[in-house]
2 protein chains.
Amino acid sequence: MPPTGPVITQQMHFSAPLPLKCGAALADYTLVYETHGTLNADRSNAVLVCHALNASHHVAGVDAQGAVGWWDNLIGPGKPLDTERFFVIGVNNPGSCFGSTGPMHVNPATGRVWGADFPVQTVEDWVDAQLRLIDRLGIAQLAAVVGGSLGGMQALAWTLRHPERVRHCVAVATAPNLSAQNIAFNEVARRAIVTDPDFHGGHFYAHGVVPKRGLRVARMIGHITYLSDDAMDLKFGRALRNAELAFSTQAIEFQIESYLRYQGDKFSEYFDANTYLLITRALDYFDPAAEHGGNLARAFEPARANRFLLVSFTTDWRFSPARSREIVKALVDNRIAVSYAEIAAPHGHDAFLLDDARYHGVMRAYFERLQA
Amino acid sequence: MPPTGPVITQQMHFSAPLPLKCGAALADYTLVYETHGTLNADRSNAVLVCHALNASHHVAGVDAQGAVGWWDNLIGPGKPLDTERFFVIGVNNPGSCFGSTGPMHVNPATGRVWGADFPVQTVEDWVDAQLRLIDRLGIAQLAAVVGGSLGGMQALAWTLRHPERVRHCVAVATAPNLSAQNIAFNEVARRAIVTDPDFHGGHFYAHGVVPKRGLRVARMIGHITYLSDDAMDLKFGRALRNAELAFSTQAIEFQIESYLRYQGDKFSEYFDANTYLLITRALDYFDPAAEHGGNLARAFEPARANRFLLVSFTTDWRFSPARSREIVKALVDNRIAVSYAEIAAPHGHDAFLLDDARYHGVMRAYFERLQA
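Residues numbered from 1 in each chain as written. Chains lettered and ligands numbered in written order. Predicted model: local features only at pLDDT ≥ 70, side-chain atom pairs only at ≥ 80, totals over all residues. Heavy atoms only, no water.

Chemist: Can you tell me about the overall build of chain A, naming the residues and giving the values?
Modeler: Within chain A, the regular secondary structure consists of 10 helices and 14 strands. What you see for chain A is a C-alpha radius of gyration of 21 Å, in line with the 21 Å of a compact globule of 372 residues. Reported as C-alpha extents along the three principal axes, the dimensions of chain A are approximately 65 × 55 × 50 Å. Looking at the 372 residues of chain A, the share that counts as buried comes to 61%. A sequence separation of at least 24 residues applies to 71% of the contacts in chain A between residues at least 6 apart. Of the accessible surface of chain A, which amounts to about 13700 Å², a share of 52% is contributed by carbon and sulfur atoms. Computing the positive centroid from 33 side-chain charges and the negative centroid from 37, chain A places the two 3 Å apart. (Helix = DSSP H or I, 4+ residues; strand = E, 2+ residues; numbered from the N terminus. Rg over C-alpha atoms; globule rule 2.2 N^0.38 Å. Buried < 20%, exposed > 50% of the residue type's maximum accessible area, 1.4 Å probe, protein only. Contact = heavy atoms within 4.5 Å. Areas by Shrake-Rupley, 256 points an atom, 1.4 Å probe, with all protein chains shown as cover. Lys, Arg positive; Asp, Glu negative; His and termini not counted. Charge placed at Lys NZ, Arg CZ, Asp CG, Glu CD.)

Chemist: Report on the pairing of strand 5 (residues 46-50) of chain B, specifying residues and quantitative values.
Modeler: Residues and elements named next belong to chain B. When you tally the buried positions in strand 5, you get five out of five residues, the bulk of the element. Side chains A46, L48 and C50 project from strand 5 onto one buried face, and the interleaved V47 and V49 project onto a second face that is buried too. Summarising the sheet, strand 5 and strand 8 (residues 87-91) pair through four bridges and their orientation is parallel. The residue of strand 8 that forms the bridge with V49 is G90. Pairing of strand 5 with strand 11 (residues 142-148), which is carried by four bridges, proceeds in the parallel orientation. Paired with C50 across the bridge in strand 11 is G147. (Pairing = 2+ DSSP bridges.)

Chemist: Before we move on, can you summarise helix 6 (residues 255-270) of chain B with the specific residues and values?
Modeler: An α-helical segment advances 3.6 residues per turn. Residues three or four places apart therefore align on the same side. Taking 1.5 Å as the rise per residue, helix 6 of chain B with 16 residues should run 22 Å; its terminal C-alpha atoms sit 24 Å apart, in good agreement. For helix 6 of chain B, the elements touching its buried residues are helix 3 (180-194) and helix 7 (273-285) of chain A together with helix 4 (212-226), helix 5 (229-235) and helix 7 (273-285) of chain B. (Expected span 1.5 Å × (residues − 1).)

Chemist: Report on the relation of the copies chain A and chain B, specifying residues and quantitative values.
Modeler: It takes a turn of 180 degrees to lay chain A on chain B, together with a shift of 0.0 Å along the axis; the resulting RMSD is 0.0 Å. The symmetry that links the two subunits is that of a two-fold axis. Comparing interface residues between copies, 100% of those in chain A also lie at the interface in chain B; the contact surface is shared. (Least-squares fit on C-alpha atoms with pLDDT ≥ 70 in both.)

Chemist: Give me the lowdown on the sheet that holds strand 13 (residues 307-313) of chain B, citing residues and values where you can.
Modeler: Residues and elements named next belong to chain B. Taken in spatial order, the eight strands line up as 1-4-8-5-11-12-13-14 in an open sheet, and their pairing is mixed. Two strands in the sheet have a free side with no partner beyond their single neighbour: strand 1 (10-14) and strand 14 (338-343). Strand-to-strand twist in this sheet, taken as the mean axis angle between neighbours without regard to direction, amounts to 20 degrees. The pairing of strand 12 (residues 166-172) with strand 13 spans five bridges and is classified as parallel. Paired with A171 across the strands is L310, a residue of strand 13. Across the face of the sheet, helix 10 (residues 357-371) comes into contact with strand 5, strand 11, strand 12, strand 13 and strand 14 while running at roughly 175 degrees to strand 13. (Axes fitted to C-alpha atoms, helices over the stretch in contact; angles between N-to-C directions.)

Chemist: Account for the pattern of salt bridges, with residues named and values stated.
Modeler: If you walk through the whole model with that rule in mind, you get 40 salt bridges over all chains. One salt bridge in this structure joins E124 of chain B and K21 of chain B, with 3.6 Å as the shortest N-O distance. Of this pair, E124 of chain B sits in helix 1 (residues 123-136) while K21 of chain B sits in the loop between strand 2 (18-19) and strand 3 (25-26), and the two are 103 residues apart along the sequence. Here E124 of chain B falls in the buried class, since its relative accessible area comes to 11%. Residue K21 of chain B is classed as partly exposed on the basis of its relative accessible area, which comes to 37%. When salt bridges that share partners are traced, they join E187, R190, R281 and D284 of chain A together with E257 and R261 of chain B into one network. (Salt bridge = Lys/Arg side-chain N within 4 Å of Asp/Glu carboxyl O.)

Chemist: Now, about the packing of aromatic side chains: what can you tell me, with residues and values included?
Modeler: Residue and element names in this part refer to chain A. Taken as a whole and judged by the stated rule, the model has 42 aromatic pairs over all chains. Summarising the aromatic geometry, the rings of F14 and Y29 are spaced 4.9 Å apart at their centres and angled 15 degrees between planes, so their arrangement reads as stacked. Here the residue F14 occupies a position in strand 1 (residues 10-14), and Y29 occupies one in strand 4 (residues 29-36), the gap between them amounting to 15 residues. Ring centres 5.0 Å apart and planes at 15 degrees place the aromatic pair W70 and W71 in the stacked group. For the pair shown, W70 and W71 are each scored as buried. (Phe/Tyr/Trp six-rings, centres within 6.5 Å; stacked < 30°, edge-to-face > 60°.)

Chemist: Requested: an account of helix 7 of chain B, with residues and values cited.
Modeler: Residue and element names in this part refer to chain B. Here helix 7 spans 19 Å end to end across 13 residues, near enough to the 18 Å set by a 1.5 Å rise per residue. Buried residues dominate helix 7, accounting for 13 of its 13 residues. With a side-chain oxygen positioned 2.9 Å from the backbone nitrogen of N274, the residue opening helix 7 is D272. (Polar contact = N/O pair within 3.5 Å; in protein donor to acceptor, adjacent residues only side chain to side chain.)

Chemist: How would you sum up the side chain of R191 of chain B? Please name residues and give values.
Modeler: Among the secondary structure elements, R191 of chain B is positioned in helix 3 (residues 180-194). No salt bridge is formed by the buried R191 of chain B. Its closest oppositely charged neighbour is E187 of chain B, at 4.4 Å. Excluding its chain neighbours within four sequence positions, the residues that come into contact with R191 of chain B are M220, Q250 and R261 of chain A.

Chemist: Outline the environment of A60 of chain B, listing residues and values.
Modeler: Residues and elements named next belong to chain B. Along the polypeptide, A60 turns up in the loop between strand 5 and strand 6 (75-76). Judged by its relative accessible area of 1%, A60 is buried. When the C-alpha atoms of A60 and P94 are compared, they prove to be 20 Å apart, with 34 residues separating the residues in sequence. For A60, the contacting residues outside a window of four places in its chain are V7, E34, H36, G69, D72 and I75.

Chemist: Go over the sheet that holds strand 14 (residues 338-343) of chain A, please, and point to the residues and values.
Modeler: All names here are of chain A. Pairing is mixed in the open sheet, where eight strands are placed in the order 1-4-8-5-11-12-13-14. The open sheet is flanked by strand 1 and strand 14, the only strands paired with a single partner. In this sheet, adjacent strand axes meet at a mean angle of 20 degrees when their direction is disregarded. This element, helix 2 (residues 150-161), spans strand 5 (46-50), strand 11 (142-148), strand 12 (166-172) and strand 13 (307-313) of the sheet and lies at about 145 degrees to strand 11. Running at roughly 175 degrees to strand 13, helix 10 (residues 357-371) makes contact with strand 5, strand 11, strand 12, strand 13 and strand 14 of the sheet.

Chemist: Mind laying out the side chain of R219 of chain B, listing which residues take part and the relevant values?
Modeler: Residue and element names in this part refer to chain B. For R219, the location among the structural elements is in helix 4. Salt bridges are absent for the buried R219, whose nearest opposite-charge side chain, D350, sits at 7.3 Å. Ignoring sequence-local partners within four residues, the contact set of R219 consists of N54, Y226, Q263, G264, F267 and Y270.

Chemist: Can you break down the confidence of the model for chain A residue by residue, with the values?
Modeler: In this model, chain A carries a mean pLDDT of 96, and residues with pLDDT of at least 70 account for 99%. ipTM for the predicted complex: 0.95, alongside a pTM of 0.96. (pLDDT = per-residue confidence, 0-100.)

Chemist: Outline the interface of chain A and chain B, listing residues and values.
Modeler: Every contact between the two is made by 54 residues of chain A and, on the other side, 54 residues of chain B. In this assembly, chain A and chain B are joined by 25 residue pairs in polar contact (both at pLDDT 80 or more). The element that contributes the greatest number of residues to the side of chain A that touches chain B is helix 3 of chain A, accounting for 11 residues. In terms of residue class, the side of chain A that touches chain B is made up of 30 nonpolar, 10 polar and 14 charged. (Nonpolar A, V, L, I, M, F, W, Y, C, P; charged D, E, K, R; others polar.)

Chemist: Can you explain the packing of helix 3 of chain A against helix 7 of chain A? Please cite residues and give values.
Modeler: Residue and element names in this part refer to chain A. Here helix 3 crosses helix 7 at 160 degrees, and the two axes come no closer than 10 Å. On the basis of their axis angle, the class for helix 3 and helix 7 is roughly antiparallel. Remark: the crossing between helix 3 and helix 7 carries left-handed chirality. Residues I183, N186, A189, R190, I193 and V194 of helix 3 touch helix 7, and the partners they reach there are A273, Y276, L277, T280, R281, L283 and D284. Here the contact of helix 3 with helix 7 is built from residues that sort into eight nonpolar, two polar and three charged. (Parallel < 35°, antiparallel > 145°, perpendicular 65-115°, else oblique. Left-handed = near helix turned anticlockwise from the far one by under 90°.)

So this is what it looks like as structure tokens:
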């Protein structure tokens, strides 16, 4: 094993305009990424990892700031996605606030910070942006694209858009589109941000403020939906913060309140408000069946040469197993090879980020078979 | 049948201080209420109806403002709770914004509007306040106390606190306490209100403003939790507002967004922010088992002479059938007579307000048997 050092954050600039689904184009952009392991001689062992809402290119290891990658329990030497065998690429999407070109950067056309004028992104746009990175890295075909939640949507979109450029798709805790309830939660979070007086129509950078109130509320709502009801009851239940009730509408009475406020505060310190709007919108818009009259099986026709692993978690009420099964059915209808694991896990949507033995066992087995 | 006129809103003033669970007392207070039907000669046919978060004393008929009562499909001549047989009393709780003494009124001790200083209310306090109204109306024993959701908690509390003053308890879509997830949703709503710059620490009245942004977000969150995922998908799905996507993070793209914004706007026009904080806190605090080491059966021992009807709805994920079953079990453990109906209804928590044939059939049968 090579000596362990901090993961190096790399970046690549793309000067050709990227056409976007909204009709506009991103004139030029930079992608931040990191790699783990070694690309083999025939360049056949590359695995692209796509990120979800609050994540980045930093998928594994420890970076120069001491931060551990968000999927470090899954990716690394000897881990289920074994970097001694695979060349793993973590990439940060345009519109993000973790390094790639985003709303906090300067729009070269105007010389001013993009802010709310950053063009609206879709899952398909991100996949197209990622493809150029793969091109530049000289990889003709990825061994796999992997992602959870919104990352899973990107993994799926690769097989619909560039099926010849990827062999396997591993999509965890994802859905073929958002339900009305999913959109509703996103919309409340967006309204909390947009109506924060410090949002300034999305141009808060110029005012030297951040719409922290809105970001806090958005994050609190998110957290509730990432956890299962049961997990929340097990972890917090009705436990009080202090021995006695304060009988106050504003003080913290219950531990769950303390946890949520802490999560909200922390998030508001580092996450960009425009990025939150952009990423939740990309989630809302993703709907590959829409162009096929709602027929998901038709949508997956281009993916007939690909192979899939779908994983869902029993207590995930944000992207429930039923949503993964819709995808499985669409694949089976196309006679596409698909493995599907429905993991009995108590942690809700968050389970895809956690180290569950059965879940990681399935992932390890799939990647071992994939390599063989 | 008497000629139909507008329902008359009545009020009663209580000058004796009401001791509250928080340790303070409400020095004096006024309750707003309305009645339907006629109290019989032996005063044995009175039914008290308790309200939930966004409701009031106006339970049935049309008031002078032309508003239809919130449970008008259930209560009235010939309806399941038949006002030709029962004398139905709808009462508005202290702390509300629909007429009874609340945070928007003047604190007689200071000569200033209560605002955030209005004493924190509990379900038990409300029941004690309601008892005084029943006393004043000369009713020794209620035939029944009825309520849904938070109203159901009040109905339960009557049997724990004043079991000799009521014969039957009808508790619909309720729970023995809030889960961590329930509290979490309340807390996000409260944070949205409290961090709205127009909240002014709860003393916004003096500033001539209303924290509408916070109220809108609170109401949107509430609405999501009142509806089932399925009901939302059936009613809105992914239907777009316009023929084409606007590709905007702030415009309304989906019908569900339009619905939620409308509900939020409407609510922010009439609901009081301090009332919202007070009522969600009363929900959080309700936990009759807590004083008995978490043993709900022990908590219900005082209710051994009462009879119960519990109703839940299969798609209610806010107060799920499992929570009603906890109450049923505690009653059965005490050999207390309980009827329990679990209604297959698609509408989520909102089902308790809707006109479902099976639900109303159960209610009608119970009240008919109760009277016989």
